[in-house]
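The lines below spell out each chain.
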Amino acid sequence: MSDKLLYALSRPFLFSLDPETAHHLALPALKRAAACGLTSLIPRPQPDPRTVMGITFPNPVGLAAGLDKDGAYIDGLAALGFGFIEVGTVTPRAQPGNPRPRLFRLPQANAIINRMGFNNGGVDAFVANVQASKFYQNKEGVLGLNIGKNADTPIERAADDYLHCLEKVYPYASYVTVNISSPNTKNLRQLQGGSELDALLARLKDAQLRLADRHMRYVPIALKIAPDVDREQINAIAAALIRHKMDAVIATNTTVARDAVKGLPHADEAGGLSGAPVFEPSNAVIRALSAELKGALPIIGVGGILSGKDALAKIEAGASLVQLYTGLIYRGPGLVRECAAALRTAR
């Protein structure tokens, strides 16, 4: 039985459950399947190596952060054929996130709204999970570790949280992503502003260079930004990224806009909207960033990829790599191969 058929048969059951319950059912099942060797039956994309941030990625299709917040399911996710896997967002201390329900499907729009709020077990447990994975132990591929701030840390001390997490995850990461764009942590997006962003990037860059000396290995840092930024903000962000010699930018996170889903069930729920409605807004940010950066650093494109054609559109907009999340929920693991094939034939 193909993985596409298996997903088509299992999706009605999963979609009959509360979204967060389905999530907590599917990931452990994938982990068990990987441990038993069953995931070896899943066809992998053909090799299509791309060198970005000085790292060679087996193919340009990655998993976006958020699906595996604690790094507990890396081996199962690796079996789906991704060219790279990003896990997190992790915070210095464990926190429960926002009250349930906090995850909502909008199937008519191929979309999801989440207000999870960086629920995770803290950075020490996260690092232990990463170290325990065969993917890490056997150096099987590219692993991105995504870091954030605790909800109760005042925004003026946010940099302390990022630096604490950076120091903890640095030895185990292929690259580190700094998430300043979730709409579900109060005032977090304020860090995308001019002076706040400058101060944060300066401290991150200083810490990165110190850690590179200590560990004798340079680990790139990517900044993840929101789609809800205007051209003036994009220009300022691009200038700051160049000024501080950051290694990459991930565009984009979820949106707080609701125009594309107005009138649909759950459309008025608070949180970040992902999936098809964020496809064009994220592409617009990628195009604007590409115009400003002029190749100074690479862009990783994420937001609303539900087909190989969508993945190709991100590359055409200026991205070097792409990431999937919500598309996996609606299309299943076959989407990884479809996107990888589309990008391979487009070279």
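Now for a quick tour of the structure.

About the cut-offs
- Residues numbered from 1 in each chain as written.
- Predicted model: local features only at pLDDT ≥ 70, side-chain atom pairs only at ≥ 80, totals over all residues.
- Heavy atoms only, no water.
- Helix = DSSP H or I, 4+ residues; strand = E, 2+ residues; numbered from the N terminus.
- Rg over C-alpha atoms; globule rule 2.2 N^0.38 Å.
- Contact = heavy atoms within 4.5 Å.
- Areas by Shrake-Rupley, 256 points an atom, 1.4 Å probe, with all protein chains shown as cover.
- Lys, Arg positive; Asp, Glu negative; His and termini not counted.
- Charge placed at Lys NZ, Arg CZ, Asp CG, Glu CD.
- Pairing = 2+ DSSP bridges.
- Axes fitted to C-alpha atoms, helices over the stretch in contact; angles between N-to-C directions.
- Phe/Tyr/Trp six-rings, centres within 6.5 Å; stacked < 30°, edge-to-face > 60°.
- Buried < 20%, exposed > 50% of the residue type's maximum accessible area, 1.4 Å probe, protein only.
- Core = buried A, V, L, I, M, F, W, Y, C linked by side-chain atoms within 4.5 Å.
- Expected span 1.5 Å × (residues − 1).
- Polar contact = N/O pair within 3.5 Å; in protein donor to acceptor, adjacent residues only side chain to side chain.
- Parallel < 35°, antiparallel > 145°, perpendicular 65-115°, else oblique.
- Left-handed = near helix turned anticlockwise from the far one by under 90°.
- Nonpolar A, V, L, I, M, F, W, Y, C, P; charged D, E, K, R; others polar.
- Right-handed = clockwise from strand over helix to strand, strands pointing away.

**Describing the overall build of the chain**
Of the regular secondary structure elements, the chain holds 12 helices and 13 strands. The C-alpha atoms of the chain give a radius of gyration of 19 Å, which matches the 20 Å a tight globule of 347 residues would have. The C-alpha extent of the chain, read off along each of the three principal axes, is 50 × 50 × 40 Å. Taking the contacts inside the chain whose residues are at least 6 apart along the sequence as the reference set, 73% of them involve residues at least 24 apart. A total of about 14300 Å² of accessible surface is found on the chain, and carbon and sulfur atoms cover 55% of it. Looking at the chain, you have 38 positive and 31 negative side-chain charges, and the mean spots of the two groups are 4 Å apart.

**Notes on the environment of Val142**
Summarising the element assignment, Val142 is placed in strand β7 (residues 142–147). It is 18 Å that separates the C-alpha atoms of Val142 and Met216, two residues lying 74 residues apart in sequence.

**Some details on the sheet that holds strand β4 (residues 84–90)**
Pairing between sheet strands relies on hydrogen bonds along the backbone, with the strands arranged either parallel or antiparallel. Here we have eight strands rolled up into a closed barrel, ordered β3-β4-β7-β8-β9-β10-β12-β13, and parallel in their pairing. Adjacent strand axes in the sheet meet at a mean angle of 25°, parallel and antiparallel pairs treated alike. In the sheet, strand β8 (residues 175–179) pairs with strand β9 (residues 221–225) via four bridges, with the strands oriented parallel. Across the sheet, residue Thr177 finds its bridge partner in β9, namely Ala222. Packed on one face of the sheet, helix α7 (residues 194–215) meets β8 and β9 and runs near 155° to β9.

**Let's talk about the environment of Pro47**
Here Pro47 lies in the loop between α2 (19–35) and β1 (50–52). C-alpha separation for the pair Pro47 and Phe57, spaced 10 residues apart in sequence, amounts to 9.4 Å. If sequence neighbours within four positions are ignored, Pro47 has contacts with Pro58 and Arg344.

**Points about the packing of aromatic side chains**
On inspection of all chains with the given rule, the structure shows four aromatic pairs. Both rings, one in Phe15 and one in Tyr330, keep their centres 5.6 Å apart while their planes meet at 75°; by these two values the pair is edge-to-face. One end of the pair, Phe15, is in helix α1 (residues 3–16); the other, Tyr330, is in helix α11 (residues 326–331), with 315 residues separating them in the sequence. With 4.9 Å between their ring centres and 80° between their planes, Phe57 and Phe84 make a pair best called edge-to-face. Placement of the pair is Phe57 in strand β2 (residues 55–57) and Phe84 in strand β4, with a sequence separation of 27 residues. Grouping residues by exposure puts Phe57 and Phe84 together as buried.

**Examining the sheet that holds strand β11 (residues 272–275)**
The three strands are arranged β5-β6-β11 in an open sheet whose pairing can be described as antiparallel. Two strands in the sheet have a free side with no partner beyond their single neighbour: β5 (103–106) and β11. Taking the axes of each pair of neighbouring strands and ignoring which way they run, one obtains an average angle of 25° across the sheet. As paired elements, strand β6 (residues 111–114) and β11 share four bridges and run antiparallel to each other. Within β11, the residue paired with Asn114 across the bridge is Gly272.

**Examining the nonpolar core**
Membership of the largest hydrophobic core comes to 78 residues, with the highest contact counts inside it found for Ile85, Ile147, Tyr162, Leu166, Val178, Leu289 and Leu324. Ignoring any residue separated from it by four or fewer positions in sequence, one finds Ile147 in contact with Thr89, Val90, Tyr162, Cys165, Leu166, Val169, Val176, Thr177, Val178 and Asn179. Among the nonpolar cores identified, the runner-up in size contains 14 residues, and Val52, Met53, Val142 and Ala248 belong to it.

**So, helix α9 (residues 279–293)**
Each turn of an α-helix holds 3.6 residues, which means side chains three or four residues apart point in the same direction. Between its first and last C-alpha atoms α9 spans 21 Å; for 15 residues at 1.5 Å apiece the expected length is 21 Å, and the two agree. Where the residues of α9 are buried, they touch β9, α8 (231–243), β10 (248–251), β11, β12 (299–302) and α10 (308–317). Of the residues flanking the end of α9, it is Lys294, one or two places downstream, whose phi is positive at about 50°.

**Some words on the side chain of Ser181**
Mapping Ser181 onto the fold places it in the loop between β8 and α7. A distance of 3.0 Å separates the side chain of Ser181 from the side chain of Asn253, its partner in a polar contact. Once you skip the residues sitting within four places of it in the chain, Ser181 turns out to touch Leu188, Arg189, Gln192, Lys224, Ile225, Ala226 and Asn253.

**Comments concerning the packing of α7 against α8**
Contact geometry of α7 with α8 gives a least axis separation of 10 Å together with a crossing angle of 20°. As summarised for this structure, α7 and α8 are arranged roughly parallel, according to the angle between their axes. Crossing hand, α7 versus α8: right-handed. Residue-level contacts link Leu197, Asp198 and Leu201 of α7 to Ile237, Ala240, Leu241 and Arg243 of α8. Class assignment of the residues belonging to the contact of α7 with α8 gives a composition of five nonpolar, no polar and two charged.

**Focus on the pairing of β8**
Within β8, five of the five residues are buried, which leaves it mostly tucked inside the rest of the structure. Side chains Tyr175, Thr177 and Asn179 of β8 all project onto a buried face; the interleaved residues Val176 and Val178 project onto the opposite face, where all are buried too. Two elements, β7 and β8, share four bridges in a ladder whose sense is parallel. Note that in β8 the partner of Ile147 across the bridge is Val178. Taking the sense of rotation as the criterion, the β-α-β connection linking β7, helix α6 (residues 158–169) and β8 turns out right-handed. Once you follow β8 into α7 and on to β9, the crossover reads as right-handed.

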